[in-house]
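# A closer look at the structure
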Amino acid sequence: MDSTLFLQQLVNGFSLGSMYALIAVGYTMVYGVLRLINFAHGDIMMVSAYAALFCITSLNVPFLGALSLAMIFAMVVGIATDKIAYKPLRKAPRISLLITAIGISFFLQNLFNMLFTSTPKAFLPPAYFEELINVGGISVTFGSLLVPLITFIIVVIVLLILYKSKYGIAIRALAFDVQTVNLMGIDANRIIAMVFALGSALAAVGGVFWASMYYSITPTMGTLIGLKAFAAAVLGGIGSVVGAVIGGLIIGLTEVIAVAFFPELSGFKDAFAFIFLVFILLFKPTGILGINFEKSRF
Amino acid sequence: MMSRAKISHLTFLFLALAFIFVSPRIFSDYGMSIVNQIAIFIILAVSYNLINGVTGQFSLEPNGFVAVGAYVAALVLLSTEAKEEQFFYDGINPFILALHSPSFIVALLAAGLCACLLSFILSFAVFRVRGDYLAIVTLGFGIIIKLLALSFPTFTNGSRGINEIPAYSNIYWTGGIAIIAVILILNIVYSKYGRAMKAIRDDEDAASAMGINTFWIKTLAFGTSAFLEGVGGGLLACLLTTVSPEQFDFLLTFQLLIIIVLGGLGSTTGAILGSILVIGGAEWLRFLDEFKIQMEFFGAEIQTGHGLRMVVFSLILIFVMLFARRGIMGDRELLDIFKAFQKRFKGSEK
């Protein structure tokens, strides 16, 4: 394979990986504070893609406006799922929480399946997404450069929130020790709602980008993307935001490059994330940047 | 004299046997297909409960073992001509073509043994990690097994699946094997091994310190549940007469997880009750799919097709979980509840 093609695939892999990363950050943050594998997270991504589509086609909102509306909608859905399905179970066994998460995932999927049928809906991104750009001999679409760029900016913002703001300190404290946080006079439920809002907004960006890059959305799109994003979060070390981004990029790059090198593996593309995950966990059981949750909290 | 526990166990056995022989006379064909499905899900749920509820290892890959069982049983039962007819597109592996036995019991045993062997190999990888890491690794294997079925069409016929599998499964097979599975699982749970499994669930490090070889006990639980899940998969294949990779998505795993958590994690009685409620309930809600609504939503026309059933089902699931946090049975068995009742009555008499 010549180097131009390789560089092109590298860019594509980066843009795919950054979409996984956006979703993985939400997973990792929710896991950090609640120890919950939030199976509904991928479906929030799907819901926001539909919301953006609705804004663009029915309300004639421009793309960026639709993206912001989708983010707000996702935040509302995220906070609502926390209030309805997770908050009453704060003291219950973790497995009941997991089942309500699966329940929410089924609910969102089937609700959207019922409302919009299972046939894929076409999603038309703004024209500049498809514009070809030549950078030193390789030509890539503007979208595949824009997606990693915006992801990078968003991740920096999230890290600033987490490490520089008052709320970020509260979130990290919550991930460290829930009971002490309550003693310190912090309203844990409000902080958890914030984590859900932040994570869902990121999932919305991921979802809208996904729709823009692949032009179609279905009610079940969130499941596999969500699971791969969770695999990315675990790969990077669950609980770590930077780890989630690294994990997402690794999985995105492997998928694109492996399929480019070995086209006969394309049917197996969805398994790379998990095969990689198994190998990493065999040698580093807590992921690349992970902390051992079983033994201690952070 | 027989103990009270033995008498009540025998009573339930008798009732279950009576049900198996009476049900074909009272239910329609459609009703029987649901009863058969419930019986198969009882096999799957009680065996999944052994690894997930009793041993406390959060495995998420029964769909993989069910898939292996279903494919093995289907390939063993199909005759050479039928295979050649169905594998027309990509050809067929000569070993698969030669593999044939008309006996249902041989097919089921092969299904169980293959799943068991796979679980044994996988246990070296999956039991290196614990807790939620185990969940995601096993979930990954479940997905990989499904993708393998899609990617090796000379073995599995790819996305076309395998059809016209002889419909051997009937209530005598499914119900009978369900009874055997429940008895087997209960015997394991109350044996020395079962106590070791529960010890691992409660505190793995302490169990290991007490001299329990945690890896082998976990492998044993994993292998037993995989064997029964494979047999269940074989029964499922011969009930539906068709297998395809889509049937064995991780949705199947989630369904089983819902069943055992709803019934009460760790309780075999709960797994049985959960299977009846979830499979029966989802079927009972089928009338909801008849609804078709057309509405206008901000100028966009929305037509609702099928699917209200699953929406309602998931809402019910969420609300049941909110109110019965430890599931219906908790970690108790049926006899524990009888005993609790007896104590309460004795208390009120005094």
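Rules of the game
Residues numbered from 1 in each chain as written. Chains lettered and ligands numbered in written order. Predicted model: local features only at pLDDT ≥ 70, side-chain atom pairs only at ≥ 80, totals over all residues. Heavy atoms only, no water. Helix = DSSP H or I, 4+ residues; strand = E, 2+ residues; numbered from the N terminus. Rg over C-alpha atoms; globule rule 2.2 N^0.38 Å. Buried < 20%, exposed > 50% of the residue type's maximum accessible area, 1.4 Å probe, protein only. Contact = heavy atoms within 4.5 Å. Areas by Shrake-Rupley, 256 points an atom, 1.4 Å probe, with all protein chains shown as cover. Lys, Arg positive; Asp, Glu negative; His and termini not counted. Charge placed at Lys NZ, Arg CZ, Asp CG, Glu CD. UniProt positions renumbered as here; feature names shortened; annotations may be inferred. Axes fitted to C-alpha atoms, helices over the stretch in contact; angles between N-to-C directions. Left-handed = near helix turned anticlockwise from the far one by under 90°. Polar contact = N/O pair within 3.5 Å; in protein donor to acceptor, adjacent residues only side chain to side chain. pLDDT = per-residue confidence, 0-100. Pairing = 2+ DSSP bridges. Core = buried A, V, L, I, M, F, W, Y, C linked by side-chain atoms within 4.5 Å. Buried area = accessible area lost by both parts, 1.4 Å probe. Salt bridge = Lys/Arg side-chain N within 4 Å of Asp/Glu carboxyl O. Phe/Tyr/Trp six-rings, centres within 6.5 Å; stacked < 30°, edge-to-face > 60°. Lys NZ or Arg CZ within 6 Å of the ring centre and 35° of its normal.

Moving on to the overall build of chain B. Tallying secondary structure elements over chain B gives 16 helices and two strands in all. The globule rule puts the C-alpha radius of gyration for 350 residues at 20 Å, and the 22 Å found for chain B is close to it. Taking all 350 residues of chain B together, 53% fall into the buried category. Restricting the contact set of chain B to residue pairs at least 6 apart, pairs at least 24 apart contribute 80%.

This part takes up the overall build of chain A. When helices and strands are tallied, chain A shows eleven helices and four strands. Rg of the C-alpha trace for chain A: 19 Å, near the compact-globule value of 19 Å for 298 residues, within the 12% margin. Burial analysis of chain A (298 residues in total) assigns 58% to the buried set. At a minimum sequence separation of 6, the contacts of chain A that also span at least 24 residues come to 76%. When the accessible surface of chain A is split by element, carbon and sulfur atoms take 70% of a total near 11800 Å². Once the 16 positive and 11 negative side-chain charges of chain A are each reduced to a mean point, those two points are 16 Å apart.

Residues and elements named next belong to chain B. Here the UniProt feature "transmembrane region" (unreviewed entry) sits at residues 34–51, 63–82, 102–126, 133–151, 171–190, 220–244, 256–285 and 306–324. Helix makes up 100% of residues 34–51 and strand 0%, and the two end C-alpha atoms of the span are 26 Å apart. The span residues 63–82 carries 90% helix and 0% strand; its end-to-end C-alpha distance comes to 26 Å.

Moving on: the UniProt feature "transmembrane region" (unreviewed entry) in chain A. Residue and element names in this part refer to chain A. When the UniProt feature table is mapped onto this chain numbering, "transmembrane region" (unreviewed entry) sits at residues 20–37, 67–85, 97–116, 136–162, 192–217, 229–251 and 271–293. The span residues 20–37 shows a helical share of 83% and a strand share of 0%, and its end C-alpha atoms are spaced 16 Å apart. Between the end C-alpha atoms of residues 229–251 there is a gap of 9 Å, over a span that is 83% helix and 0% strand.

Residues and elements named next belong to chain B. Here helix α2 (residues 29–54) crosses helix α14 (residues 268–284) at 145°, and the two axes come no closer than 8 Å. Viewed along their axes, α2 and α14 form a crossing whose handedness is right-handed. On the side of α2, the interface is formed by Y30, I34, Q37, I38, F41, I42, A45, V46 and N49, while α14 contributes T268, A271, I272, S275, I276, I279, G280 and E283.

This next bit is on the side chain of S275(B). All names here are of chain B. Structurally, S275 can be placed in helix α14. Looking at S275, its side chain comes within polar contact range of the main-chain oxygen of F41, at 3.4 Å. Within the local environment of S275, its side chain forms a polar contact with the backbone oxygen of A271, the two atoms lying 2.8 Å apart. With sequence-adjacent residues up to four places away left out, S275 is seen in contact with I38, F41, I42, A45, I259 and G280.

This brings us to the confidence of the model for chain A. Residues and elements named next belong to chain A. Per-residue confidence for chain A gives a mean pLDDT of 87, with 97% of residues at or over 70. Within chain A, helix α3 (residues 63–86) carries the highest mean pLDDT (94), whereas strand β2 (residues 132–135) carries the lowest (80). Throughout residues 294–298 the model reports pLDDT below 50, and contacts reaching past four residues in sequence, or to other chains, amount to 13 contacts.

Glancing now at the pairing of β2(A). Two faces make up the sheet, and in a regular strand the side chains alternate between them. Residue and element names in this part refer to chain A. Across four bridges, β2 lies against strand β3 (residues 138–141) in antiparallel orientation. Among the inter-strand pairings, V135 is bridged to a residue of β3, identified as I138. Hairpin connection between β2 and β3: a loop of two residues separates the two successive antiparallel strands, and G136 in this loop has a positive phi of roughly 50°.

Glancing now at the nonpolar core. Membership of the largest hydrophobic core comes to 210 residues, with the highest contact counts inside it found for F39(A), F274(A), I162(B), V243(B), F248(B) and L257(B). At 15 residues, the largest contribution of residues to this core is made by helix α8 (residues 188–214) of chain A. When sequence neighbours within four positions are dropped, the list of residues in contact with I162(B) reads Y71(B), A74(B), L75(B), L78(B), Q86(B), F87(B), T156(B), N157(B), T241(B), T242(B) and V243(B). One finds M32(B), V35(B), I171(B) and I179(B) within the second-largest nonpolar core, a separate group that totals five residues.

On to the interface of chain A and chain B. Quoted interface sizes are often the accessible area lost when the parts come together. In this assembly, 52 residues from chain A lie in contact with 49 residues from chain B. When chain A packs against chain B, the two sides together hide about 4400 Å² of surface, and 81% of this comes from carbon and sulfur. Ranking the residues of chain A by area buried against chain B places I99(A), F106(A) and M114(A) at the top, with a combined share of 15%. For the pair chain A and chain B, the interface holds one salt bridge. Put simply, D132(B) and R94(A) hold a salt bridge, and the shortest N to O gap is 2.9 Å. On inspection of chain A and its partner chain B, the count reaches four residue pairs in polar contact (both at pLDDT 80 or more).

All right, on to the pattern of salt bridges then. Residues and elements named next belong to chain B. By the definition in use, this model includes eleven salt bridges over all chains. For E204, the salt bridge goes to K218, with nearest N and O atoms at 2.6 Å. Highlighted residues: E204 in helix α11 (residues 204–209) and K218 in helix α12 (residues 214–240), separated in sequence by 14 residues. A relative accessible area of 12% means that E204 is categorised as buried. One salt bridge in this structure joins E283 and R286, with 2.7 Å as the shortest N-O distance. Taking relative accessible area as the criterion, E283 reaches 14% and is therefore assigned buried. Since its relative accessible area comes to 36%, R286 is described here as partly exposed. Taken together, the shared-partner salt bridges in this structure form one network comprising R130, E204, D205 and K218.

Further remarks concern the packing of aromatic side chains. This model, assessed by the stated rule, comprises 27 aromatic pairs over all chains. For the ring pair F104(B) and Y168(B), a centre distance of 5.2 Å and an interplane angle of 40° mean the geometry is tilted. Residue F104(B) is found in helix α6 (residues 104–126), and its partner Y168(B) is found in the loop between α8 (153–156) and α9 (171–189); the two are separated by 64 residues along the sequence. Overall, the relative accessible area of 5% leaves F104(B) in the buried class. Positioned above the aromatic ring of Y167(A) is the side chain of K166(A), whose terminal nitrogen or guanidinium carbon lies 5.7 Å from the ring centre.

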